[in-house]
Amino acid sequence: MKLLHTSDWHLGRAFHRVNMLGAQAEFIGHLVRCVREREVDVVVVSGDVYDRAVPPLAAVELFDDALHRLAELGVPTVMISGNHDSARRLGVGAGLIGRAGIHLRTDASACGTPVVLADAHGDVAFYGLPYLEPALVKDEFGVDKPGHEAVLAAAMDRVRADLATRAGGTRSVVLAHAFVTGGEASDSERDISVGGVASVPAGVFDGVDYVALGHLHGSQVITGRVRYSGSPLAYSFSETDHRKSMWLVDLGADGSVEAERVDCPVPRPLARIRGELEDLLADPELAPYEGAWIEATLTDPVRPADPMARLSERFPHTLSLVFAPERSPEDPDVSYARRLAGRDDRQIAEDFVAHVRGAGPDEREQAVLQDAFDAVRADEAVREGAR
């Protein structure tokens, strides 16, 4: 069976104020052509179809167009909700849409109920594990202390229990939206850490033939059977070096996996340039980047006049301007942003406590801070779903 694995479309998302809807429509057209020309048997979409719980109308219309075009091909599609989606909204009409071969899996309670499709070698069971917010699904899965590993392990127990009831030789595919240990993150993914822990071990998914992951935006291989497709488009300058693609997976009669990367269209290349303004304007080696979307980091000791306007004369697609004067770490004028770089919300809060009273929080206070951040994120998930 030939699978096309994609994820993280983020329909409706902009890139530094640039409307990406046209590029997203081009990607959908590319996906449909690939399904037709490469004779794909099943499309799997591993979450974050939309960029937010209540997407703009234009994004909904593009999604509707994608569903119609995939249904017209007669190729089944299995799709889950991600942490950016509203599971309830995405799942509206799932039963009816399923009759057209588009199988939406957005309900945590249905993790152990697969979409069963067949080829010449027998059945393949597709298990959809939508994004599982631990605080919201802990009761469903009966876990005492909510965490990503605990709820995913419980969901996978249901998958393996169902698989054990099926005929021998039944192959299995799991779609999941999670941060798996060994994956490389980028700046454009929303933080999903719980208790200070974001990732889960790949061993959680043992016992199935292929795991089609979503959430991380870089295409990557965790193991031969556990892969991220990555997002089809770049959504931050941290993805400048990404090769955007989908996985074309051949699932053999014995459950063996062979995978090929299929490149996605690039609307415009990305580039990061760094230096003093006059040097950037004059450097001939930067000529290849004049048509790219640019993030420019200026290292001038004094902020120059009209830097964006001047940069845009040579690099008309400059989208981001960062000021980072070359100073020693001891310089009191080192920017607040630079001092916070790479630190998560909890670490910043702990630093603030230490700054105010001269000593950082003890273990009990650290736990209180972490519980507060977890509760805020869970509350945001509930409120987004209820909009």
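Residues numbered from 1 in each chain as written. Predicted model: local features only at pLDDT ≥ 70, side-chain atom pairs only at ≥ 80, totals over all residues. Heavy atoms only, no water.

Under the annotation held in an unreviewed UniProt entry, the protein carries the name Nuclease SbcCD subunit D and is attributed to Streptomyces acidicola. Taken from UniProt, the Sequence similarities (unreviewed entry) comment for the protein reads in full: "Belongs to the SbcD family." The Subunit (unreviewed entry) comment attached to the protein in UniProt states, word for word, "Heterodimer of SbcC and SbcD." (UniProt positions renumbered as here; feature names shortened; annotations may be inferred.)

In this section: the overall build of the protein. What the protein contains, in helices and strands, is 11 helices and 19 strands. Residues counted as buried form 49% of the 387 residues belonging to the protein. Considering only contacts within the protein whose residues lie at least 6 apart along the sequence, 69% involve residues at least 24 apart. Of the accessible surface of the protein, which amounts to about 18,200 Å², a share of 50% is contributed by carbon and sulfur atoms. (Helix = DSSP H or I, 4+ residues; strand = E, 2+ residues; numbered from the N terminus. Buried < 20%, exposed > 50% of the residue type's maximum accessible area, 1.4 Å probe, protein only. Contact = heavy atoms within 4.5 Å. Areas by Shrake-Rupley, 256 points an atom, 1.4 Å probe, with all protein chains shown as cover.)

Glancing now at the packing of helix H5 (residues 134-141) against helix H6 (residues 148-164). Interaxial distance between H5 and H6 falls to 10 Å at its minimum, and their mutual angle equals 40°. In terms of their interaxial angle, H5 and H6 are classed as oblique. In the crossing of H5 with H6, the sense of the turn from one axis to the other is left-handed. Within the contact between the two elements, H5 uses Pro134, Val137, Glu140 and Phe141 and H6 uses His148, Val151, Ala154, Ala155 and Arg158. (Axes fitted to C-alpha atoms, helices over the stretch in contact; angles between N-to-C directions. Parallel < 35°, antiparallel > 145°, perpendicular 65-115°, else oblique. Left-handed = near helix turned anticlockwise from the far one by under 90°.)

A word on the sheet that holds strand S9 (residues 171-177). Strand pairing in a sheet takes place through backbone hydrogen bonds and is either antiparallel or parallel in direction. In spatial order, the strands read S7-S8-S9-S12-S14-S13; together these 6 strands make up an open sheet with mixed pairing. Looking at the sheet topology across the chains shown, the edges are occupied by strand S7 (115-119) and strand S13 (220-223). Pairwise comparison of adjacent strand axes, ignoring direction, gives a mean angle of 20° for this sheet. Judged from the 5 bridges that link them, S7 and strand S8 (residues 122-129) form a sheet pairing that is antiparallel. Within the sheet, the bridge partner assigned to Ala118 lies in S8 and is Asp123. (Pairing = 2+ DSSP bridges.)

Below, the discussion takes up the pattern of salt bridges. The full count for this structure, using the stated rule, is 14 salt bridges. The residue Arg13 makes a salt bridge to Asp51 at a minimum N-O spacing of 3.4 Å. In this pair, Arg13 is assigned in the loop between strand S1 (2-6) and strand S2 (14-15) and Asp51 in the loop between strand S4 (42-46) and helix H2 (57-73), connecting sequence segments 38 residues apart. Neither residue differs from the other here; Arg13 and Asp51 are each classed as buried. Measuring nitrogen to oxygen at the nearest pair gives 3.5 Å for the salt bridge that ties Arg69 to Asp65. One end of the pair, Arg69, and the other, Asp65, are both in helix H2, 4 residues apart, so they sit about a helical turn from each other. (Salt bridge = Lys/Arg side-chain N within 4 Å of Asp/Glu carboxyl O.)

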